[in-house]
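Per-entry structural report
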Amino acid sequence: MTEKQCCEKTDDEIWNNYNLYTSTNEYTDEKTIDFQGQIPDWLKGNLYRNGPGAHEINNDPATTFSHIFDGFAYIQKYSIDGSSQTLQFRGSFVKSRTYTESVKNGRLMTRQFGTDPCKSIFGRFQSFFYGKDPAMSTDDTGVTVQMVQNELLALTEIPVGNVLDPNTLEPIGPLVTLPYGRPKDSTIMSTTTAHVMYDAKRKMTVGYSSRMTNNGSFIDVAFIPEELSADDKKDDDDDQFDKLLAADRRFLHLTTGMNERAKNYNRRIKNTTKAFRFPSPNTCYMHSASLSENYLILSEIPYHFAKLSGLWCLMTGGLASSMFQWNGDTMPTYFRVISLDTGEQVAYIPGPAFFHFHHINSYEFDENTKKIIVDICAFDDPRIISELYVDKLRQNIFPSGAGYVRRFELDLEANTCVEPNMNAREPKGSHCFSHAHSLVPVQFELPRINPNYNGKPYRYVYADRATPGRLFDALIKLDLQTKEEVNKWEEPYTSPSEPIFVPRPDASDAEEDDGVVLSIILDQKGKRSFLLVLDGKTFKELARAYLPVHIPASFHGNFY
């Protein structure tokens, strides 16, 4: 289906998501936009978002990427001012080496998640294995955006990030000094989390990576403090850092000509980060994790990297996920629990097999901190990855729908995992077991909560509804206490993005939903987008502001 065919259809014919997967343009003028409606006076700050802004190169259909995870990273900045009832918008592509070289040459220059520019099998081998041709490895980071040590990071599931100026979104340079970016005994592959997490109690950012080497598999965990202390600076840091860059040829094509601001940031990350390494029986896919008050909870799902699958993927030019093998029929999910105070592993607990992208939240029992609740948007298996091809999504082919909220109760002393809501209803649909065990039988993705309740007991989840045939057609609010969908926002022929909850600054602890919900909405027919502001309690629209460019499907963001 082409864009022209999409636009020829009448309103009565079809709900059509084609324009959610079309390319947009940069916008750097920061024109002031008035809200239609009334936002709270207290709402003031910057919403940053990240996601694919182009699904082909230079608008050439012949270069269309295969998968939604392949699109070039597009960072958006929404500066909201409740006192003036205005919005300023800026949108810019991340100027990664992958992006700049591909645009310059008119063709994709690195291997992406589901698109391989190498035509020969030999070339595919070179593009995958470390040490062969590191310039073929992508550095485009289009999943999420996070403030770490006062700089803005664009991240995805690779060992490097892109550092951006928080005001202009201009590139500062690559981030290459995360501990899971460092060589380890003939590394074959590494998958890292795009979803680094902030621990407000200890004022640090937490990240991790799953890595396969010829000498076994490992989990790397990183604790990055918010600020640099005097003890973290050594006299010989500058020389050591320059030697590190020169010696590590994997990143040489990224670090050549690195400016001082980027070097200084990489030094700070290198000097302040505490790294912990744990042996692992398998290298598994872990898109996200969660923090309780005292623990990092990793869910090592039975979706494992397999060398033979990797070789087959290279020969066929398939998805990067084809390098992973689903072993859910014979193996469990393992919950690895790590102390946020010491970095030590305190439990490794087997649980039911499932697939997921996103943890929702984790918290400890008030009366027993050795018991943890972990809520996850879970699927029965990873079939959704193969349903996210761009050509399918442009035709609204999304047969299985998204995941369900499942709750797992971990007992650190007994080393057990149970699902309190197991078999709450009859199995139904493509992900029938997740439906049967769910707290609320509604399919959704991109879940968010009130950030003040991260790691604490909570009640409400905000998400994008995603039923079969309709990937993101409504915003929903789930009540996990009453186990029901309590609110919904939808308009005909619109596609919402991830809902970001912003709490009212003086809200009481008893009012978890006192705040607003922000989401970027695409008008499918008009091919225009607007920032929507909803009341967190009632889900009634407070205001909207139309943007100067349309925003394609974006993944994640944060409000600061």
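Refer to the preceding data block for the structure.
Here the structure is a predicted model, which means the values were calculated and not measured.

**With respect to the overall build of the protein**
- The helix and strand tally for the protein stands at ten helices and 34 strands.
- Buried residues in the protein amount to 62% of all 560 residues.
- Considering only contacts in the protein between residues 6 or more positions apart, those separated by 24 or more positions represent 65%.
- Accessible surface for the protein amounts to roughly 21,700 Å². Of this, 49% is attributable to carbon and sulfur atoms.

**A few points about the nonpolar core**
- Core analysis: the biggest nonpolar cluster contains 42 residues, and Phe 335, Phe 355, Ile 372, Ile 384, Leu 410 and Leu 471 have the highest contact counts within it.
- When residues of this core are assigned to their parent elements, the largest contribution, five residues, is made by strand E22 (residues 371-379).
- If you look at the next biggest cluster of nonpolar residues, it comprises 30 residues, including Phe 35, Leu 87, Tyr 99 and Ile 500.

**Things to note about the side chain of Asp 381**
- By the element assignment, Asp 381 lies in the loop between E22 and helix H8 (383-386).
- Engagement of the side chain of Asp 381 in a polar contact is seen with the side chain of Arg 383, the distance being 2.7 Å.
- When residues no more than four places from it in sequence are discounted, the contact partners of Asp 381 are Trp 326, Phe 355 and His 431.

**Side note on the sheet that holds strand E7 (residues 151-155)**
- Sheet architecture is open: four strands sit in the order E6-E7-E8-E9, paired in antiparallel fashion. What marks the edges here is a single partner per strand, and that holds for strand E6 (144-148) and strand E9 (171-175). This sheet shows a mean twist of 30° between the axes of neighbouring strands, independent of strand direction.
- Of the pairings in the sheet, the one linking E7 to strand E8 (residues 161-164) comprises three bridges and is antiparallel in character. Looking at the pairing, Leu 152 lines up with Leu 164 of E8.
- Sheet strands touched by helix H6 (residues 260-272): E6, E7, E8 and E9. Its angle to E9, the strand with the most contacts, is close to 35°.

**With respect to H6**
- With 13 residues, H6 should reach 18 Å at 1.5 Å per residue; the first-to-last C-alpha distance of 18 Å fits that figure.
- Of the residues making up H6, those classed as buried are Ala 262, Lys 263, Tyr 265, Asn 266, Arg 267, Ile 269, Asn 271 and Thr 272.
- For H6, the N-terminal cap is Asn 259; the gap from its side-chain oxygen to the backbone nitrogen of Arg 261 is 3.2 Å.

**Overview of unusual backbone geometry**
- With a phi close to 65°, Leu 169 is a non-glycine residue in the positive phi region.
- Along the chain, the position of Leu 169 falls in the loop between E8 and E9.

**Comments concerning the sheet that holds strand E4 (residues 72-81)**
- Pairing in this open sheet of five strands is antiparallel, and the strands run E1-E5-E4-E3-E34 from one edge to the other. On the outer flanks of this sheet lie strand E1 (32-34) and strand E34 (556-559), each paired with one strand and no other. Looking at each pair of strands side by side, their axes are set apart by 25° on average, direction ignored.
- Where strand E3 (residues 44-54) meets E34, four bridges bridge the pair, whose relative direction is antiparallel. The partner of Arg 49 across the bridge, within E34, is Gly 557.

**Some points on the pattern of salt bridges**
- Here the structure, examined in full by the defined rule, presents 32 salt bridges.
- Of the charged contacts in the structure, one is a salt bridge between Arg 49 and Glu 498, with a shortest N-O distance of 2.9 Å. Of this pair, Arg 49 sits in strand E3 while Glu 498 sits in the loop between strand E29 (494-496) and strand E30 (500-503), and the two are 449 residues apart along the sequence. For the residue pair Arg 49 and Glu 498, the accessibility class agrees, reading buried in each case.
- Where Glu 101 meets Lys 104, a salt bridge forms, and the shortest distance between an N and an O atom there is 3.2 Å. Here Glu 101 pairs with Lys 104, and both are found in helix H2 (residues 97-105), just three residues apart, close to one helical turn.
- Note on Lys 104: relative accessible area 60%, which makes it exposed.
- Three or more residues are tied together by salt bridges with common partners; here these are Arg 465, Arg 470, Asp 473, Lys 488 and Glu 490.

Rules used throughout
Residues numbered from 1 in each chain as written. Predicted model: local features only at pLDDT ≥ 70, side-chain atom pairs only at ≥ 80, totals over all residues. Heavy atoms only, no water. Helix = DSSP H or I, 4+ residues; strand = E, 2+ residues; numbered from the N terminus. Buried < 20%, exposed > 50% of the residue type's maximum accessible area, 1.4 Å probe, protein only. Contact = heavy atoms within 4.5 Å. Areas by Shrake-Rupley, 256 points an atom, 1.4 Å probe, with all protein chains shown as cover. Core = buried A, V, L, I, M, F, W, Y, C linked by side-chain atoms within 4.5 Å. Polar contact = N/O pair within 3.5 Å; in protein donor to acceptor, adjacent residues only side chain to side chain. Pairing = 2+ DSSP bridges. Axes fitted to C-alpha atoms, helices over the stretch in contact; angles between N-to-C directions. Expected span 1.5 Å × (residues − 1). Salt bridge = Lys/Arg side-chain N within 4 Å of Asp/Glu carboxyl O.

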